[in-house]
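Per-entry structural report
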Amino acid sequence: MQDFNWKKLQNGSDIRGVAIAGVPNEDVNLTPAIAKILGQSFAIWLSQKLDKPTSNLLISVGRDSRLSGAELMQAVMEGITSLGSQVYDFAIASTPAMFMSTVTDGFNCDGAIMLTASHLPFNRNGLKFFTAQGGLEKKDITDILNLAEKNEFVISASQGNITKHDFISVYANQFVTKIREAVNHPDHYEQPLQGLKIIVDAGNGAGGFYASKVLEPLGADITGSQFLDPDGTFPNHVPNPEDKVAMASICEAVVKHQADFGIIFDTDVDRSAAVDQFGKELNRNRLIALISAIVLKEHPNSAIVTDSITSDGLAKFIAEDLQGVHHRFKRGYKNVINESIRLNQSGQESWLAIETSGHGAMKENYFLDDGAYLVSKLLIELAKSKLAGKSLTDLIANLQEPVESEEFRIKMLVEDFKSLGEKVIKDLQDFSSNQTDWQIVPNNYEGIRVSCTADDENGWFLLRLSLHDPVMPLNIESNIQGGVAKITNQLFAFLQPIDGLDLSAFQK
């Protein structure tokens, strides 16, 4: 392990690596041996954090459906128990469920580990870590990897035990109870979703439990639900609510089965999206608008924190129709969550932090980005709407959506890509300031956002640096046909002379 690059495993506040061989140019760097050391490192880190000997620690471990999951999970558990800590084996679980095991009575684990790489390809895997305070931060992951690199573990004379638990049923029952209580149906309290056909698409990830353990006990008809069985080859579509093929699949299923509602999860269930009864996506800006409408009914005038690429129509809807405060922040689910927490600490009430990717976290739920919790909030409103003779989407009837929307990912071909990206953004600020119908949007927290007010553009763009990769994502929206092309052409003319940029994304 002397020459092993532990730093390469860090992906922000997660650990991610290649777990299965066979993909060109991708060397395996997340093996069972590495996973065992990571289990030991987390136990030591947790011991230091809680000032508690490893022999007194209880750590839960779960995984998604990835092919490498079972072997890596076994290695992680062996690493933890080698230091004398006790382990709860949850088998296939969701990322939010793993956190909940640290705060649920009867479990109250000191820490939790989820083996997942979210929506990444089948050959990848990774680890997410939790304590009762929430998911670990970037610095915590760096510290854990430093412990792994030192590899100075004192093996316990008395090994810890591994005990199997069906925690996903305990976790699911929390939603059943919550939905029953919140709907408080006058005729069938136990089954408030009776008479509703709801389709779940788990994408062969870990979310299939929601159909059988949450919806069915609540009386919903789940006929037409698809890809509920865990399968790490992901044979049907990428388990990702942002993927066009995945969304088309759930939309088609809702229409085919004449369902009232559709739900789609990512692999580890920390993200979700929905579909209305007409087969129309409730995703990205529409999903944010819908959950914002629900939250602002419960907490008037509070702040909704979103990532940077949300539309002008959403900002207007939150501020004018919902009378809320739209606080547009940076990309990255951890960024929006931490910003919402910061706002609360500063005296600005904020109950929702949500990314356009489908990561949504609520103050009432430990600021945990939980896709199942998010859709449960929507289902409560769906059932209430039915009782009132209304439609759930009536809540977002006034949302103005862009006519056109496009994202370009501009690759940077130099080693010091961060410096190049920062220079491009600075030069674009100067360029934009000199355009008659372009105005730089104030209070922007990453990159440059510009409002394009010319009649033939009527939109905006945001250019920023990717969080981890040598890429500059460029998002453009317009309220008129052909507006995106007009804005794109002007930006292409600016970018073309700059050395070190791959502009092939514009040629698709």
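For the structure, see preceding data.
In this text, all values refer to a predicted model and were calculated from it rather than measured experimentally.

A short note on the overall build of the protein chain
- Secondary structure summary: the protein chain contains 13 helices and 23 strands in total.
- Over its C-alpha atoms the protein chain spans a radius of gyration of 23 Å, differing by no more than 12% from the 23 Å that the globule rule assigns to 508 residues.
- Overall size of the protein chain, expressed as C-alpha extent along the three principal axes, is 75 × 65 × 45 Å.
- Here the protein chain holds 508 residues, and the buried ones make up 56% of them.
- For the protein chain, contacts bridging at least 24 residues in sequence account for 68% of all contacts bridging at least 6.
- By element, 47% of the accessible surface of the protein chain is carried by carbon and sulfur atoms, the whole surface being about 21000 Å².
- Separation of charge centres in the protein chain, based on 45 positive and 65 negative side chains, amounts to 1 Å.

Some words on the sheet that holds strand S18 (residues 404-412)
- Spatial ordering of the open sheet is given by S19-S20-S21-S22-S18-S23, a layout of six strands whose pairing is antiparallel. In this open sheet, the two edge strands, each paired with only one partner strand, are strand S19 (438-440) and strand S23 (501-502).
- The sheet contact formed by strand S20 (residues 448-452) and strand S21 (residues 459-463) spans five bridges and is antiparallel. Bridging across to S21, Ser451 finds its partner in Trp460.
- Packing against the sheet, helix H13 (residues 483-495) makes contact with S18, S19, S20, S21, strand S22 (471-478) and S23, and its axis sits at approximately 145° to S22.

Focus: the nonpolar core
- Residues Ile198, Tyr210 and Phe261 are the most contacted members of the largest nonpolar core, which totals 71 residues.
- Setting aside chain neighbours within four positions, we find Ile198 in contact with Leu193, Leu215, Ala220, Asp221, Ile222, Ser225, Phe261, Ile263, Leu379 and Leu382.
- Counting 35 residues, the second-largest nonpolar core is a separate cluster that includes Trp6, Ala43, Leu57 and Ile144.

Points about the pairing of S18
- Direction of pairing for S18 relative to S22: antiparallel, over a ladder of eight bridges. Bridge pairing in S22 links Glu407 to Asn475.

Digging into the sheet that holds strand S9 (residues 198-201)
- With mixed pairing, the four strands of this open sheet are ordered in space as S9-S10-S11-S12. Strands at the two margins of the open sheet, each flanked by one partner only, are S9 and strand S12 (281-282).
- Bridge count for strand S11 (residues 272-275) against S12 is two bridges, and the pairing is antiparallel. Residue pairing in the sheet places Val275 in a bridge with Glu281 of S12.
- Sitting on the sheet, helix H7 (residues 244-256) is in contact with S9, strand S10 (261-265), S11 and S12, with an inclination near 155° to S10.
- Sheet strands in contact with helix H11 (residues 371-387) are S9, S10 and S11, and its direction is about 170° off that of S10.

With respect to unusual backbone geometry
- Here the phi dihedral of Asn204 falls at roughly 65°; this positive angle occurs in a residue that is not glycine.
- By the secondary structure assignment, Asn204 is in the loop between S9 and helix H6 (209-215).
- We note that Asn301 has phi near 70°; this positive angle belongs to a residue other than glycine.
- Among the structural elements, Asn301 can be located in the loop between helix H8 (284-298) and strand S13 (303-306).
- The exposure class of Asn301 is exposed, given its relative accessible area of 51%.

Observations regarding the packing of H8 against H11
- Their axes nearest at 11 Å, the elements H8 and H11 cross at an angle of 70°. The angle between H8 and H11 places the two elements in the roughly perpendicular class. Our pair here, H8 against H11, has a crossing hand that is left-handed. Residues Leu287, Leu290, Ile291, Ile294, Lys297 and Glu298 of H8 form the contact with H11, whose own contacting residues are Leu374, Lys377, Leu378 and Glu381.
- Residue classes in the contact of H8 with H11 are distributed as six nonpolar, no polar and four charged.

Digging into the packing of helix H5 (residues 167-183) against H11
- Between H5 and H11, the shortest axis-to-axis distance is 10 Å and the interhelical angle comes to 30°. Here H11 runs roughly parallel to H5, going by the angle between their axes. Handedness of the crossing formed by H5 with H11: right-handed. Judged by residue contacts, Tyr171, Phe175, Lys178, Ile179, Ala182 and Val183 of H5 engage Ala372, Tyr373, Ser376, Lys377, Ile380, Ala383, Lys384 and Leu387 from H11.
- A per-class count over the contact of H5 with H11 returns 10 nonpolar, one polar and three charged.

Notes on H8
- Taking 1.5 Å per residue, 15 residues should reach 21 Å; H8 reaches 22 Å between its end C-alpha atoms and fits that length.
- H8 sits mainly inside the fold: 12 of its 15 residues count as buried.
- Among all positions in H8, only Asn285, Arg286, Leu287, Ile288, Ala289, Leu290, Ile291, Ser292, Ala293, Ile294, Val295 and Leu296 are buried.

Let's talk about the packing of aromatic side chains
- As enumerated under the stated definition, the model contains 22 aromatic pairs in all.
- Between Trp438 and Phe461, the aromatic rings sit 5.0 Å apart at their centres with planes inclined by 65°, giving edge-to-face as the arrangement. With Trp438 in strand S19 and Phe461 in strand S21, the pair connects residues that are 23 residues apart, well separated along the chain.
- What makes Phe461 buried here is its relative accessible area of 0%.
- Taken together through their ring pairs, the aromatic side chains of Tyr171, Phe175, Phe209, Tyr210, Phe265 and Tyr373 make up a single cluster.
- The ring of Trp351 carries Lys363 above its face, with NZ or CZ at 4.5 Å from the centroid.
- Sitting above the plane of the Trp460 ring, Arg449 keeps its charged end 3.7 Å from the centroid.

What counts as what
Sequence order as written defines residue numbering, which begins from 1 separately in each chain. The model is predicted, so local features are restricted to residues of pLDDT at least 70 and side-chain atom pairs to those at 80 or more, both for listing and for counting; the totals for chains, interfaces and linings are taken over all residues. Calculation of side-chain values draws on the structure's entire complement of heavy atoms; hydrogens and water are dropped beforehand. Helix numbers and strand numbers start at the N terminus; a helix is a DSSP run of H or I with at least 4 residues, a strand a run of E with at least 2. The atom set for the radius of gyration is the C-alpha atoms, and the globule formula is 2.2 Å times the number of residues raised to the power 0.38. Exposure categories follow from relative accessible area, calculated using a 1.4 Å probe and restricted to protein chains: below 20% of the type maximum is buried, above 50% is exposed, and the middle band is partly exposed. Whether two residues are in contact is decided by their heavy atoms, any of which lying within 4.5 Å being enough. Per-residue and other accessible areas follow the Shrake-Rupley method at a 1.4 Å probe size, with only the shown protein chains counted as cover for residues. Positive residues here are Lys and Arg, negative ones are Asp and Glu, while His and the chain termini are left out of the count. Each charge is placed at NZ for Lys, CZ for Arg, CG for Asp and CD for Glu. Should DSSP find at least two bridges between two strands, the strands are regarded as paired. Convention adopted: a line fitted to C-alpha atoms gives each axis, helices being fitted over their contacting stretch, and angles between N-to-C directions are expressed from 0 to 180 degrees. Here, the term nonpolar core denotes a set of buried Ala, Val, Leu, Ile, Met, Phe, Trp, Tyr and Cys residues that are joined through side-chain atoms within 4.5 Å. Orientation is classified from the angle alone, with under 35 degrees giving roughly parallel, over 145 giving roughly antiparallel, 65 to 115 giving roughly perpendicular, and any other angle giving oblique. Put simply, a crossing is left-handed when the front helix is turned counterclockwise from the back one by less than a right angle, and right-handed when it is turned clockwise. Amino acids are sorted into nonpolar (Ala, Val, Leu, Ile, Met, Phe, Trp, Tyr, Cys and Pro), charged (Asp, Glu, Lys and Arg) and polar (every other residue, Gly among them). One fewer than the residue count of a helix, multiplied by 1.5 Å, yields its expected span. Classification of ring pairs rests on two measures: the distance between centres of Phe, Tyr or Trp rings, Trp counted by its six-membered ring, which must be within 6.5 Å, and the angle between planes, read as stacked under 30 degrees, edge-to-face over 60 and tilted in between. Any Lys NZ or Arg CZ that is within 6 Å of a ring centre and within 35 degrees of that ring's normal is treated as a charge sitting over the ring.

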